[in-house]
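Below, each chain spelled out in residue letters.
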Amino acid sequence: MSEVYARPEPTLIPIPRPPCPACQNRMMLIHVAAGCDGPGLRIFECSKCGNVHKVSTDDPTRAAE
Ligand SMILES: [Zn+2]
């Protein structure tokens, strides 16, 4: 029996955390804004220097609809 899984919730997907552009510390994901019709937005914050980094996400699994 094959069960087709629906797209997982964005919050359940392991999100790669970028290094801080200022001090190379691994940044924390502090906010995820899912776009309904467009790319979402992920906001990372560096726990070391407080730098905030916003990443626009263009999820290919969503665009395939
Ligand atoms: Zn930093």
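Attention here is on the structure that accompanies the text. The residue count restarts for each chain, going from 1 along the sequence in the order it is written. Confidence filtering applies because this is a predicted model: local features only for residues at pLDDT of at least 70, side-chain atom pairs given and counted only at 80 or more, and all residues used for totals across whole chains, interfaces and linings. The basis for every side-chain value is the complete set of non-hydrogen atoms in the structure, without hydrogens or water.

### Quick look at the side chain of Arg 42
Along the polypeptide, Arg 42 turns up in strand S2 (residues 40–45). Once residues lying within four places of it in the same chain are set aside, the contact partners of Arg 42 are Ile 15, Leu 29, His 31, Val 32, His 53, Lys 54, Val 55 and Thr 57. Counting from the N terminus, the helices are DSSP H or I runs at least four residues long and the strands are E runs at least two residues long. What makes two residues a contact is simply this: any of their non-hydrogen atoms within 4.5 Å.

### Some details on the nonpolar core
Residues belong to one nonpolar core when they are buried, are Ala, Val, Leu, Ile, Met, Phe, Trp, Tyr or Cys, and are joined through side-chain atoms within 4.5 Å. Three exposure classes are used, based on accessible area relative to the maximum for each residue type with a 1.4 Å probe and protein chains only: buried under 20%, partly exposed in between, and exposed over 50%. Counting five residues, the largest nonpolar core consists of Ile 15, Cys 20, Met 27, Phe 44 and Cys 46. Not counting the four nearest positions on each side in its chain, Cys 46 is found in contact with Cys 20, Cys 23, Asn 25, Met 27 and Asn 51.

### Some thoughts on the pairing of strand S1 (residues 28–33)
Paired strands are those between which DSSP finds at least two bridges. Inspection of the sheet shows S1 paired to S2 by five bridges, in the antiparallel sense. Within S2, the position partnered with Val 32 by the bridge is Arg 42.

### Regarding the coordination of the zinc ion
Here the zinc ion is held by Cys 20 (SG), Cys 23 (SG), Cys 46 (SG) and Cys 49 (SG), and the distances to it run 2.3 Å. Because no water is among the atoms considered, metal sites can look incomplete, with donors defined as N, O and S atoms within 2.8 Å of the metal, or 3.2 Å for Na, K and Ca. Square planar and octahedral sites, with four and six donors, are those where opposite donors lie more than 155 degrees apart and all other angles lie between 65 and 115, tetrahedral sites have four donors with every angle between 85 and 135 degrees, and the rest are irregular. One can describe the site at the zinc ion as tetrahedral: its four donor atoms subtend angles covering 102 to 122 degrees at the metal. Mapped onto the sequence, the residues coordinating the zinc ion show the spacing C-x2-C-x22-C-x2-C. On the criterion of sequence distance, the pair formed by Cys 23 in the segment before S1 and Cys 46 in the loop between S2 and strand S3 (52–57) is long-range, its members being 23 residues apart.

### Points about the environment of Gly 50
Mapped onto the elements, Gly 50 comes out in the loop between S2 and S3. The sequence separation of Gly 50 and Cys 20 amounts to 30 residues, and the corresponding C-alpha distance is 9.3 Å.

All we've got here are geometric facts, nothing functional implied.
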